[in-house]
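# Commentary on secondary and tertiary structure
Read off the chains here:
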Amino acid sequence: MIIGIGAGDPDHVTVQAVRALNRVDVVFALDKGPAKADLARVRTEICERHITDRAYRVVEVDDPPRDRSADDYDASVRAWHDARAALYERLFLEELGEDGCGAFLVWGDPSLYDGTLRILERVLERGAVGFEHEVIPGITSVQALAARHRIPLNGIGETIQITPGRRLTPDPMAEAQNVVVMLDGRCAFEEVADGDLEIYWGAYVGTDDEILISGRLRERAAEIRRVREEARARHGWIMDTYLLRRPPGGG
Ligand SMILES: C[S@@+](CC[C@H](N)C(=O)[O-])C[C@H]1O[C@@H](n2cnc3c(N)ncnc32)[C@H](O)[C@@H]1O
């Protein structure tokens, strides 16, 4: 099972996810990077709080490293996914019996910037192990951000685009009326030309360390960079997401 666990608040876990968790024999924990220990803590809390009906094991594995220096981004991600597919295949063979039920607990929702489903497809294509799988949706960081700022993501009938920071253009409103930016390691909002846009920014949303800042981009950009850098230095990692939009009424 691939279970979305929400974006950091253990209360994000849905009733459907709790039911699914209580059918699991093995929880596969594949974390990586500097956030590893903190993400593991949230996952442990979720399992301990919600798995009440059965004995389960947690199998922790080091995720294969990704070559971030490669020129061809897509090729390097594909190679990384292949290495992970081989690892998952081995885990299934070694850790799950014929009728065993395994679960991947995915941050947020498995449909959004997460490779787990693609990797499982690749494991099936390789043909060495067969399995059925079910996807349990979770609260995404985008929903968590909007809820904490108490805003809708769009005005009536407007479009919304979700993009990684590396693809944000200086004129994001040319592409959509509301733009949500994730995976932005370089404060791409600083390159946006229109300082009148509104930004709704959040880091560690849903956790005890949550930080929220909103306002006109020209008035908030420097503050967000400063707060972001301080927080990243303090924690050793950061996860942040933001919405850019024109102020209601054109501003
Ligand atoms: C690999 S993606 C995973 C997204 C996840 N599947 C989801 O549904 O939100 C990681 C990115 O999600 C965003 N993110 C995840 N959790 C977050 C949180 N608690 N607060 C703010 N942003 C978060 C950040 O943009 C981060 O770079």
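Values in this document were obtained by computation on a predicted structure and should not be read as measured data. (Residues numbered from 1 in each chain as written. Predicted model: local features only at pLDDT ≥ 70, side-chain atom pairs only at ≥ 80, totals over all residues. Heavy atoms only, no water.)

### A look at the packing of aromatic side chains
As a reminder of what qualifies: Between 30 and 60 degrees the pair is tilted, below 30 it is stacked and above 60 it is edge-to-face, where a pair is any two Phe, Tyr or Trp rings, Trp via its six-membered ring, whose centres lie within 6.5 Å. By definition, any uninterrupted DSSP run of H or I lasting at least four residues is a helix, any uninterrupted run of E lasting at least two residues is a strand, and each is numbered from the N terminus. Per-residue accessibility, obtained with a 1.4 Å probe over protein chains only, is compared with the maximum for each type, and a residue is labelled buried under 20%, exposed over 50%, and partly exposed between these values. Counted as over-ring charges are cases with an Arg CZ or a Lys NZ within 6 Å of the ring centre that also lie within 35 degrees of the ring normal.
Inspection of every chain in the model, using the stated rule, returns 8 aromatic pairs. When the centroid spacing of 4.7 Å and the interplanar angle of 20° are considered together, the rings of Tyr 88 and Phe 104 count as stacked. One end of the pair, Tyr 88, is in helix α3 (residues 73-95); the other, Phe 104, is in strand β4 (residues 102-106), and 16 residues separate them in sequence. Grouping residues by exposure puts Tyr 88 and Phe 104 together as buried. Grouping aromatic residues by their ring pairs yields a cluster made of Phe 28, Tyr 88, Phe 92, Phe 104 and Phe 131. Sitting above the plane of the Trp 80 ring, Arg 84 keeps its charged end 4.3 Å from the centroid. Over the face of the ring belonging to Tyr 73 we find Arg 166, whose NZ or CZ atom lies 3.8 Å from the ring centre.

### A short note on unusual backbone geometry
At Tyr 113, a position not held by glycine, the phi torsion is positive, near 45°. Here the phi dihedral of Arg 150 falls at roughly 60°; this positive angle occurs in a residue that is not glycine. Examined against the element boundaries, Arg 150 turns out to sit in the loop between α5 (141-149) and β6 (160-164). The exposed category is assigned to Arg 150, whose relative accessible area is 77%.

### Here we look at the packing of α3 against helix α4 (residues 116-126)
Worth spelling out the cut-off: Lines fitted to C-alpha atoms define the axes here, with helix axes fitted over just the stretch in contact, and angles between the N-to-C directions of these axes take values from 0 to 180 degrees. Relative orientations are named as follows: roughly parallel for angles under 35 degrees, roughly antiparallel for angles over 145 degrees, roughly perpendicular for angles from 65 to 115 degrees, and oblique for any other angle. Should the near helix be turned anticlockwise from the far one by less than a right angle, the crossing is left-handed, and should it be turned clockwise, the crossing is right-handed. Two residues form a contact once any of their heavy atoms are found within 4.5 Å. In this classification, the charged set is Asp, Glu, Lys and Arg, the nonpolar set is Ala, Val, Leu, Ile, Met, Phe, Trp, Tyr, Cys and Pro, and all remaining amino acids, among them Gly, are polar.
For the pair α3 and α4, the least separation of the axes is 8 Å and the interaxial angle reads 65°. Classified by the angle between their axes, α3 and α4 sit roughly perpendicular to one another. As for how α3 packs across α4, the hand of that crossing is right-handed. Only Thr 116, Arg 118, Ile 119, Leu 120, Arg 122, Val 123 and Arg 126 of α4 make contact with α3, whose side of the interface consists of Arg 78, His 81, Asp 82, Arg 84, Ala 85, Ala 86, Tyr 88, Glu 89 and Phe 92. Looking at the contact of α3 with α4 residue by residue, the classes come out as 7 nonpolar, 2 polar and 7 charged.

### Focus on the environment of Glu 95
Summarising the element assignment, Glu 95 is placed in helix α3. Its relative accessible area of 24% is what places Glu 95 among the partly exposed residues. Residues Glu 95 and Ile 160, 65 residues apart in the sequence, show an inter-C-alpha distance of 42 Å. Glu 95 has contacts with Val 26, Phe 28, Arg 57 and Val 59, leaving out every residue within four places of it along the chain.

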